[in-house]
Amino acid sequence: MAGLSPQVTNIIIILGMMQVSKRIPFEDPNVLNIVRAIYIASNVIIAGIYFYTQVQINKKKDLTTLKYVEPAPMGSSEEGKLVTTTVHAYDSQQIKNSFRSQLMGIAMMSFMHLYMKYTNPLVIQSIIPLKSALESNLVKIHVFGQPASGDLKRPFKQAAGLMGGLQSGPAQSDKKAVEAAERAGRGGVKDE
């Protein structure tokens, strides 16, 4: 599946795991506890990956200046604002967003499983978030040592999800867009 996009592999995994989860006897308390343990272990591994990535970010402490134009909110008539930050601050913010996203997933899964008594999503949610964590740009750069060029160039492109058409465009880091934003005086306060 090396040539497929992450979204396609996610759909394949989801469809496959839905079929597998139909055959798992969740009525047996031992099986249910094993699936719960796998889900918890998956989230502990994800937290460990993100924590290690945060340690690597802080160890490198890359203070290279990063300028980009943040897109305006959708439906807004104003133009995007210029953001001037460092690679370290940008990566730290991105890893915090990843932690927050993981915690939201855990909260939603806890609600669905504990309150609504759904068990099948435990299987899928043990695999997809772990796969996403390993495919994240920061993990590729700071854990696997890939160079920050091409698709891994900062600011990162937002993954095109199902709602991609409704969101505002990607952050622009090309020289022309940055200079235009600087001339227009939009933003430009350096984040520390």
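Scroll up to find the structure this text is about.
Residues numbered from 1 in each chain as written. Predicted model: local features only at pLDDT ≥ 70, side-chain atom pairs only at ≥ 80, totals over all residues. Heavy atoms only, no water.

*Asks:* What is the right way to look at the overall build of the chain in this model?
*Replies:* Tallying secondary structure elements over the chain gives 6 helices and 3 strands in all. Element order for the chain, N to C, with α for helix and β for strand: α-α-β-β-α-α-α-α-β. Looking at the chain residue by residue over its 192 residues, the buried ones come to 32%. Counting contacts in the chain only where the partners sit at least 6 residues apart, residues at least 24 apart contribute 66% of the total. As displayed, the chain offers around 12300 Å² of accessible surface, 62% of which is attributable to carbon and sulfur atoms. (Helix = DSSP H or I, 4+ residues; strand = E, 2+ residues; numbered from the N terminus. Buried < 20%, exposed > 50% of the residue type's maximum accessible area, 1.4 Å probe, protein only. Contact = heavy atoms within 4.5 Å. Areas by Shrake-Rupley, 256 points an atom, 1.4 Å probe, with all protein chains shown as cover.)

*Asks:* How should a nonpolar patch on the surface be read in this particular structure?
*Replies:* Together, Tyr52, Leu134, Val143 and Phe144 make up a nonpolar patch on the protein surface, roughly 360 Å² of accessible area in all. Structurally, valine 143 is set in the loop between α5 (137-142) and α6 (175-184). (Patch = residues over 30% accessible without salt bridge, like charges linked within 9 Å, V, L, I, M, F, W, Y side chains within 5 Å. Salt bridge = Lys/Arg side-chain N within 4 Å of Asp/Glu carboxyl O.)

*Asks:* I would appreciate a short explanation of the pairing of strand β2 (residues 81-86) in the present structure.
*Replies:* Along a regular strand, successive side chains alternate from one face of the sheet to the other. Burial analysis of β2 places 5 of its 6 residues in the buried class, which makes it a mostly covered element. With 6 bridges joining them, strand β1 (residues 65-70) and β2 adopt antiparallel strand pairing. Note on β2: the bridge partner recorded for valine 69 is leucine 82. (Pairing = 2+ DSSP bridges.)

*Asks:* Explain the packing of helix α2 (residues 29-60) against helix α4 (residues 120-135) here, please?
*Replies:* When two helices pack together, you describe them by how their axes are tilted relative to each other and by the distance separating the axes. α4 packs onto α2 with a crossing angle of 15° between their chain directions and a minimal axis gap of 9 Å. The orientation of α2 with respect to α4, classified from their angle, is roughly parallel. Considering the relative orientation of α2 and α4, their crossing is left-handed. Contact residues: α2 offers Val35, Arg36, Ile38, Tyr39, Ser42, Ile45, Ile46, Ile49 and Tyr50, while α4 offers Leu122, Val123, Gln125, Ser126, Pro129, Leu130, Ala133 and Leu134. For the contact of α2 with α4, the class distribution of residues is 13 nonpolar, 3 polar and 1 charged. (Axes fitted to C-alpha atoms, helices over the stretch in contact; angles between N-to-C directions. Parallel < 35°, antiparallel > 145°, perpendicular 65-115°, else oblique. Left-handed = near helix turned anticlockwise from the far one by under 90°. Nonpolar A, V, L, I, M, F, W, Y, C, P; charged D, E, K, R; others polar.)

*Asks:* What should I look at first to understand the pattern of salt bridges in this one?
*Replies:* Opposite charge on two side chains allows them to pair when their charged atoms are near. Per the counting criterion, the structure on display carries 2 salt bridges. For aspartate 91, the salt bridge goes to arginine 154, with nearest N and O atoms at 2.7 Å. Taken together, the residues span a long stretch of sequence, with aspartate 91 in helix α3 (residues 87-115) and arginine 154 in the loop between α5 and α6 at a distance of 63 residues. A salt bridge links glutamate 135 to lysine 131, with the nearest nitrogen and oxygen atoms 3.1 Å apart. On the criterion of helical spacing, the pair formed by glutamate 135 and lysine 131 is a turn pair, its members being 4 residues apart in helix α4. Classification of lysine 131 as buried rests on a relative accessible area of 14%.

Function-wise, these values are silent; they only describe arrangement.
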